[in-house]
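Secondary and tertiary structure notes
Below, each chain spelled out in residue letters.
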Amino acid sequence: MEILILVTGGTFDKEYNELTGELFFKDTHVGEMLKLGRNLVTANTQTLMMKDSLLMTDQDRKLISDHCKAVKEDHILITHGTDTMVETANYLLKQTTNKTIVLTGAMIPYKFGSSDGLFNLGSALAFVQSLDKGVYIAMNGRCFQAGNVRKNKANGVFEELE
């Protein structure tokens, strides 16, 4: 089974400018993270965009959806910013039903060294291989079905809808 990893940006791939104090995008860290995690899963990584999810538009979501539909792989992992990950998952749920798609991200940039990103990437890789077709969000060792998840911004975690 070959996994397609689509990079869209988000905190996962942000870096810190020590002079200005701003976060910015340079390159994805996914390859480095897979190597550090000693990944043995066959994975093809493609960067679609490097965007903060708060700036993501429906055109961006359509691009992600169109790409998911067009590729040969049936198992797709998407790195995404956490602020609008739920919106993208819900969009994909309405558009793409014949593949297993798992979105994941990080609350802390990978380059900070204390990021949850490495753990989330590993968990998402396991989930995308084992789940039935559908759209999911994998964060902090848990997996949620699209349409039944929200980001609890007060606690900084994802949770099922009540």
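This write-up is about the structure you can find in this document. (Residues numbered from 1 in each chain as written. Predicted model: local features only at pLDDT ≥ 70, side-chain atom pairs only at ≥ 80, totals over all residues. Heavy atoms only, no water.)

With respect to the sheet that holds strand 6 (residues 100-104)
- Spatially, 4-1-5-6-7-8 is the arrangement adopted by the six strands of the open sheet, whose pairing is mixed. Strands at the two margins of the open sheet, each flanked by one partner only, are strand 4 (43-51) and strand 8 (142-145). Recorded for the sheet is a direction-independent mean angle of 20° between the axes of neighbouring strands. (Pairing = 2+ DSSP bridges. Helix = DSSP H or I, 4+ residues; strand = E, 2+ residues; numbered from the N terminus. Axes fitted to C-alpha atoms, helices over the stretch in contact; angles between N-to-C directions.)

Comments concerning helix 4 (residues 117-130)
- With 14 residues, helix 4 extends 20 Å between its outermost C-alpha atoms, agreeing within 8% with the 20 Å of an ideal straight helix rising 1.5 Å per residue.
- Those residues of helix 4 that fall on the buried side of the exposure criterion are G117, N120, L121, S123, A124, L125 and V128. (Expected span 1.5 Å × (residues − 1). Buried < 20%, exposed > 50% of the residue type's maximum accessible area, 1.4 Å probe, protein only.)

Section: the side chain of T104
- Among the secondary structure elements, T104 is positioned in strand 6.
- In this structure T104 comes out as buried when scored by relative accessible area, which is 0%.
- Among the polar contacts made by the side chain of T104, one reaches the main-chain carbonyl oxygen of A138 at a distance of 2.7 Å.
- Excluding its chain neighbours within four sequence positions, the residues that come into contact with T104 are F12, L77, I78, T79, H80, M85, N120, L121, A124, A138 and M139. (Polar contact = N/O pair within 3.5 Å; in protein donor to acceptor, adjacent residues only side chain to side chain. Contact = heavy atoms within 4.5 Å.)

Description of the pairing of strand 7 (residues 134-139)
- Within strand 7, six of the six residues are buried, leaving the element largely enclosed by the surrounding structure.
- A two-sided burial pattern is seen for strand 7, the buried positions comprising G134, Y136 and A138 on one face and V135, I137 and M139 on the other.
- Two elements, strand 6 and strand 7, share four bridges in a ladder whose sense is parallel. Bridge pairing links I101 to V135 in strand 7.
- Examined bridge by bridge, strand 7 and strand 8 share four bridges and lie antiparallel to one another. Counterpart to M139 in the pairing with strand 8 is R142.
- Count of turn residues in the strand 7/strand 8 antiparallel hairpin: two residues, of which N140 carries a positive phi of about 55°.

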